[in-house]
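Single-letter residue listing:
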Amino acid sequence: MPAKTLQEYSAKTAQKAVEQPAETSPSPVEPLSVRAILEQATPSTLDAALLVSATYDGERQKAVLKLYREKDERIYLWYDDAGHKPYCFSDLTPEELKTLPGLASHPGLERLERLKKYEPLRDEEKAYTKVEATDPLSIGGKPSGSIRDILPKAWEADIRYYECYIFDRDLKVGMPHCVKDGHLKELPYQVSSEVAEAVERLFEKEPPEVQEHIMRWMDLLECPVPDYRRVALDIEVGGPVATRMPSAEQAEDPVIAIGLVDNRGEKQVLLLRRQGIELGELPKGAQVSFFEDERGLLEAAFSQIAECPFVITFNGDDFDLRYLFHRAERLGFERDQIPIELSRDAAGLSLGVHVDLYKFFFNRSIQIYAFGQKYREITLDDVGNSLLGMGKVEIEGPVAELSYGLLADYCLRDAEITMQLTQLENGMTLKLATVLARISRTPIDDLTRQGVSGWIRNMLRYEHRRRNWLIPRPEDILEAKGAATTKAIIEGKKYRGAEVIQPEAGVHFNVPVLDFQSMYPSIISRYNLSYETVRCPHPECRTNKVPDTPHWVCTRKKGVSSLLIGSLRDLRVKWYKPRSRDRRLPRATLDWYNTIQNSLKVLLNASYGVFGSENFFLYCPPVAEATASIGRYAMTQTIERARATGMKVVYGDTDSIFLEAPSQKQVQELMAWSEQTLGMELDIDKTYRYAVFSARKKNYLGVYPDGSVDIKGLTGKKRNTPEFLKKAFFDMIDILSRVTSPDDFKKAKERIRELVKTSYVKLRRREYSLKDLAFNVMLSRPPDKYTKTTPQHVKAALQLQKARREVMPGDVISFVKVTGSSGVKPIQLAKTEEVDVAKYAEYISSTFEQVLDALDIDIGQVAGAPRLDLFMPSGADKAASER
DNA sequence: GCGGACTGCTTACCT
DNA sequence: ACAGGTAAGCAGTCCGCG
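One structure accompanies this document, and this report is about it. (Residues numbered from 1 in each chain as written. Chains lettered and ligands numbered in written order. Predicted model: local features only at pLDDT ≥ 70, side-chain atom pairs only at ≥ 80, totals over all residues. Heavy atoms only, no water.)

### Some remarks on the overall build of chain A
Next, step 1: Secondary structure summary: chain A contains 30 helices and 26 strands in total.
Next, step 2: Relative to the compact-globule value of 29 Å for 883 residues, chain A shows a C-alpha radius of gyration of 31 Å, a close match.
Next, step 3: Considered along the principal axes of its C-alpha atoms, chain A spans approximately 90 × 85 × 60 Å.
Next, step 4: Intrachain contacts of chain A at a sequence separation of at least 6 include 69% that bridge at least 24 residues.
Next, step 5: Surface summary for chain A: the accessible area is close to 39300 Å², and the carbon and sulfur share equals 47%.
Next, step 6: Taking the 124 positively charged and 127 negatively charged side chains of chain A as two groups, their mean positions are separated by 4 Å. (Helix = DSSP H or I, 4+ residues; strand = E, 2+ residues; numbered from the N terminus. Rg over C-alpha atoms; globule rule 2.2 N^0.38 Å. Contact = heavy atoms within 4.5 Å. Areas by Shrake-Rupley, 256 points an atom, 1.4 Å probe, with all protein chains shown as cover. Lys, Arg positive; Asp, Glu negative; His and termini not counted. Charge placed at Lys NZ, Arg CZ, Asp CG, Glu CD.)

### Considering the protein's contact with DNA strand B
Next, step 1: Near DNA strand B lie 22 residues; those nearest to it are R376, D655, K698, R719 and Y786.
Next, step 2: Considering the 4 Å shell around the protein, atoms of DNA strand B inside it are sugar or phosphate in 95% of instances.
Next, step 3: Separating a base oxygen of DNA strand B from a side-chain N or O atom of K698 is a distance of 2.9 Å.
Next, step 4: Here a phosphate oxygen of DNA strand B and a side-chain polar atom of R781 are 3.2 Å apart.
Next, step 5: Of all the secondary structure elements, the ones that give two or more residues to the surface near DNA strand B are β23 (709-712) and β24 (775-778).
Next, step 6: Tallied by class, the residues present in the surface near DNA strand B amount to six nonpolar, six polar and ten charged. (Near = heavy atom within 4 Å. Polar contact = N/O pair within 3.5 Å; in protein donor to acceptor, adjacent residues only side chain to side chain. Nonpolar A, V, L, I, M, F, W, Y, C, P; charged D, E, K, R; others polar.)

### Points about the protein's contact with DNA strand C
Next, step 1: Around DNA strand C there are 31 residues in total, and I490, N615, R696, K795 and K817 lie nearest to it.
Next, step 2: Counting only atoms of DNA strand C within 4 Å of the protein, the sugar-phosphate share comes to 81%.
Next, step 3: Contact distances for DNA strand C include 3.4 Å between a phosphate oxygen and a backbone N or O atom of I489.
Next, step 4: Between DNA strand C and the protein, one listed contact pairs a phosphate oxygen with a side-chain N or O atom of R696 at 2.5 Å.
Next, step 5: Of all the secondary structure elements, the ones that give two or more residues to the surface near DNA strand C are α27 (792-802) and α28 (837-855).
Next, step 6: For the surface near DNA strand C, a count of residues per class yields nine nonpolar, 13 polar and nine charged.

### Remarks on the sheet that holds strand β5 (residues 109-119)
Next, step 1: Ordered by their spatial adjacency, three strands build an open sheet running β4-β6-β5, and the pairing between neighbours is antiparallel. The outermost strands of the open sheet, each flanked by one partner alone, are β4 (87-90) and β5. Averaged over all neighbouring strand pairs, the angle between strand axes comes to 30°, with direction disregarded.
Next, step 2: Inspection of the sheet shows β5 paired to strand β6 (residues 124-133) by ten bridges, in the antiparallel sense. Counted as the bridge partner of K116 is A127 from β6. (Pairing = 2+ DSSP bridges. Axes fitted to C-alpha atoms, helices over the stretch in contact; angles between N-to-C directions.)

### Quick word on the pairing of strand β3 (residues 74-79)
Next, step 1: In terms of burial, β3 is a largely internal element, six of the six residues being buried.
Next, step 2: Burial of the side chains of β3 extends over both faces: R74, Y76 and W78 are buried on one face and I75, L77 and Y79 on the other.
Next, step 3: Relative to β3, strand β2 (residues 62-69) runs antiparallel, the two being bridged by six bridges. By the bridge assignment for β3, R69 is matched with R74.
Next, step 4: Hairpin connection of β2 to β3: four residues between the antiparallel strands, including E73 at a positive phi of 55°. (Buried < 20%, exposed > 50% of the residue type's maximum accessible area, 1.4 Å probe, protein only.)

Next up, the structure:
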């Protein structure tokens, strides 16, 4: 059956799609039956379809898989056919277990089986008892009486059942499968012989187990991902109070608009007809349907999301889908008429897959590594503006009072932004999620909701099951390996981290920056770091020491995390990264390789940190500590070597070394030395025409040969800095980017002095608007939760609250510094005359000082700079003038 | 009672 | 719920000062 278009979907249910509001409603449509839809979606035979998600069916007590068939763009279901049961492990014998009170008689106990498992912490095999249950809740999850609570010690009892199912059946999420006579079969994807040979050649010197893993990854990564059929959804709710977010649990107010935009560009908006609302101008290029009653509106929306394979929202877990569910219940829908499945912190679909982009974009690793920190706030408006150049429609007053035209525009725009966020770079967003799902064997919907530690956890859990390794409990690891031993520089941290070299203040011309390619993953790979290899049980390994720590590393066996992280790293560095820049390849291929390359980057960048995180299932402080320690060692050794060979090191941070005007030969020699002595690749990351350092670490400016500029850490580019100052700062950057030789600086300095002076003058004349003057600081918790101090942005937030404006964590508070007791005011409540000019003058000075210091410009000498005697309060005034 | 020195809190950044 | 290291500004505290 061919896929339905949005129009076909809606034609069935829309009561009337017209330019003018209809006077009467046509007859209602047949009611939706979720059960019938699911039954129809469960064929006994199915050709190629991607495994995209998995869940547990409580009624049938079976694992269910969701498969996406590209041919008709539909989801199909498949239920377990082998009677797989949930289980956990015990170190007691079946006989001992039977004596435990409440176990033998447990209604959920299925059977006990003695078997052998390899125990990585002790490096030996041991017998365990597999305790099987009829259902996942019997293993764990009931408030009391779960099997895992009856056992004195239980292993692997907290793995979600359907994840357990994926691992045990060796299922490849995101890969093609088929169903024959009710049985599921993988359709193996094989890379072309051309690619396979090229990769084999690339890694021919690696040990066999590394080669084996690289080929396993290749089969997963090369297989193309389709452009999933999907619809973005956004709803508007008509409440009396405009500022307050309506409660999704109560769902008290009517749903007044539902916007739907699909991946082919079809747009549709469903509107509730209400008393006294103006028509306005309805959006062009979108199908607008009016509904006389809310029930009909929801039915129309449900009939579309019920069968759409992927539904995309921005915050649908907590709002849109949750609200629709509870609102439908309130309106008397049967459970079988609502195609939404709610859990505590997610909203799923009965048949399809719901991706909540809010959760995915909130993920720090995705934000930083996949989207290059282009968006700062996790709001649809900011993400849309930053990534697409398209923000929300600006409205005034409550949505419930908008004309139909404006309401439709507003609602549709949100759905449109949401859809376009999945259409960036050839559909990179969902492809990225799919690639990560493949590597981590995680259902795609879960993947978009989990953090990196969840992905790495699943990747490693699968590998343990594949090897028949017992997954240790966190307390087993901690007991065997102990805590960290080095002292952190920051108080309260668990161990010492990276080395930062004191920069040499001033201007340096011709500065190459060398860096270790993905340093921490390289260290984990090269030095065999893993929870079972660091402080392993073998006496003969104890001499294989980690520098500056009491730890040692195994010499007998390759560590599991070392192998997995190492093979992924090698594949990224040697294959995907170069391929993603190969100009000979077509654009679409480059985009695809870039997506894979980015997925690997996201995963690799977190691979060290997780071992130092208490919440990680393989939390192992010595592993994290050893990684950081070897990093410091590599850094200091390399700097020593650079200096010994006559080079000038002007700065370095963690994995990078900045050199001043070295010869090519010197650099080449250092790189060869690193490869040979440390076993780590040192690369030329970039070369600056010149770099400007203040005396501060993590603060510098580098100008490339083409005039583009890297700015790191400087106040002038921080997001909380007032706009007027950012602009002045970037005017200075513009001047600096034109400097090509030391001689050019003279003129540049003069122009910069002028620029700073102008800024002071405009400030004094109060020519900057409040918006330009505002500091923009994010509120990280509700204002009353700041108990130790009351920072300025919180003071401003409290004033806003007093003026009956809602403030929430995540909001960016815009405030200006004013004269008077409070010191600050939110821009909504401030006036230009109260601005504290002196404070701002000081702020200008300190911002420019970071750069002018290095240029040998004394900010105090710039006309207009704040002078103590002019700005200090009267008492200090005298003291200052007496000096 | 006030100001300077100091510490701790908070945010935003770097790798 | 990936880590630690750094900068900056402000809030709050302590202490000396006839």
